[in-house]
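# Topology and contacts: notes
Here is how the chains run, residue by residue.
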Amino acid sequence: MPDGAIGAIAKVLGIGPASVEGVATFYSLIFRQPVGRHVVLVCDSSSCFLSGFDELKQALASHLGIDYGQTTEDGRFTLLPVCCLGACDGAPALMIDDDTYGPVSPDDLPGLLEGYP
Ligand code: FES
């Protein structure tokens, strides 16, 4: 949802632009700028944070050559942080598109990402 669409959406819904903006900024799955074909969400909440999140995030950033909020040059992946995915028993967890994975180790990443052309 680009900034320029806020006013139009507010008009269609019959609510104020601030309300639309509030919803758009609250939900992490409402993207405010174009994303890649696949979105990789890395959980940074408590269980994952204590179970290898940092290593996993660093490995992902290194493997993809991007950091949070960025998209790979080929438009294949966008990397974003996310709050608890509800997969705490599989921490550290991540989500690619609609698929949740965990526990994920840095060694799992090449094989995992290969499934998302
Ligand atoms: S804390 Fe990561 S899935 Fe719950």
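Note that the coordinates shown come from a computational prediction; the quantities given were computed from them, not determined experimentally. (Residues numbered from 1 in each chain as written. Predicted model: local features only at pLDDT ≥ 70, side-chain atom pairs only at ≥ 80, totals over all residues. Heavy atoms only, no water.)

Here we take up the nonpolar core. In terms of nonpolar packing, the biggest core is built from 28 residues, with Val40, Leu60, Leu79, Leu94, Ile96, Leu109 and Leu113 touching the most fellow members. Those elements that place two or more of their residues in this core are strand 1 (38–43), helix 4 (53–64), strand 2 (77–82), strand 3 (94–96) and helix 5 (109–114). A per-element tally of this core places helix 4 first, with 6 residues. Sequence-distant contacts of Leu79, that is, excluding residues within four places in its chain, are made with Val40, Val42, Leu60, Ala61, Ile66, Asp67, Tyr68, Gly69 and Gln70. (Core = buried A, V, L, I, M, F, W, Y, C linked by side-chain atoms within 4.5 Å. Buried < 20%, exposed > 50% of the residue type's maximum accessible area, 1.4 Å probe, protein only. Helix = DSSP H or I, 4+ residues; strand = E, 2+ residues; numbered from the N terminus. Contact = heavy atoms within 4.5 Å.)

Another point: the pairing of strand 2. Among the 6 residues of strand 2, 5 are classified as buried, and the element is accordingly described as predominantly covered. Relative to strand 2, strand 1 runs parallel, the two being bridged by 6 bridges. Looking across to strand 2, one finds that His38 is bridged to Phe77. (Pairing = 2+ DSSP bridges.)

Per the stated rule, a full pass over the model turns up 2 aromatic pairs. Judged by centre distance (4.9 Å) and plane angle (85°), the ring pair of Phe26 and Tyr27 falls under edge-to-face. Phe26 gets classed as exposed once you look at its relative accessible area, which sits at 63%. For the cation-ring pair, Lys57 lies above Tyr68, with the distance from its terminal atom to the ring centre recorded as 4.5 Å. (Phe/Tyr/Trp six-rings, centres within 6.5 Å; stacked < 30°, edge-to-face > 60°. Lys NZ or Arg CZ within 6 Å of the ring centre and 35° of its normal.)

This next bit is on the packing of helix 1 (residues 6–13) against helix 2 (residues 17–26). Following both chains from N to C, one finds helix 1 and helix 2 inclined at 110°, their axes separated by 8 Å at the closest point. By the angle class used here, helix 1 and helix 2 are roughly perpendicular. Crossing of helix 1 against helix 2: the hand is right-handed. In this structure, helix 1 contributes Ile6, Ile9 and Ala10 to the contact, and helix 2 contributes Pro17, Val20 and Glu21. (Axes fitted to C-alpha atoms, helices over the stretch in contact; angles between N-to-C directions. Parallel < 35°, antiparallel > 145°, perpendicular 65-115°, else oblique. Left-handed = near helix turned anticlockwise from the far one by under 90°.)

This part takes up the domain arrangement of the protein chain. For the protein chain, the assigned domains are domain 1 (1–33) and domain 2 (38–114). Averaged C-alpha coordinates put domain 1 and domain 2 at centres separated by 26 Å. Between domain 1 and domain 2, the residue contacts involve 4 residues of the former and 5 residues of the latter. Of all residues in domain 1, the largest losses of buried area upon contact with domain 2 belong to Ser28, Leu29 and Phe31, amounting jointly to 87% of the total for that side. The interface formed by domain 1 and domain 2 contains 0 salt bridges. (Domains from an automatic or database assignment. Buried area = accessible area lost by both parts, 1.4 Å probe. Salt bridge = Lys/Arg side-chain N within 4 Å of Asp/Glu carboxyl O.)

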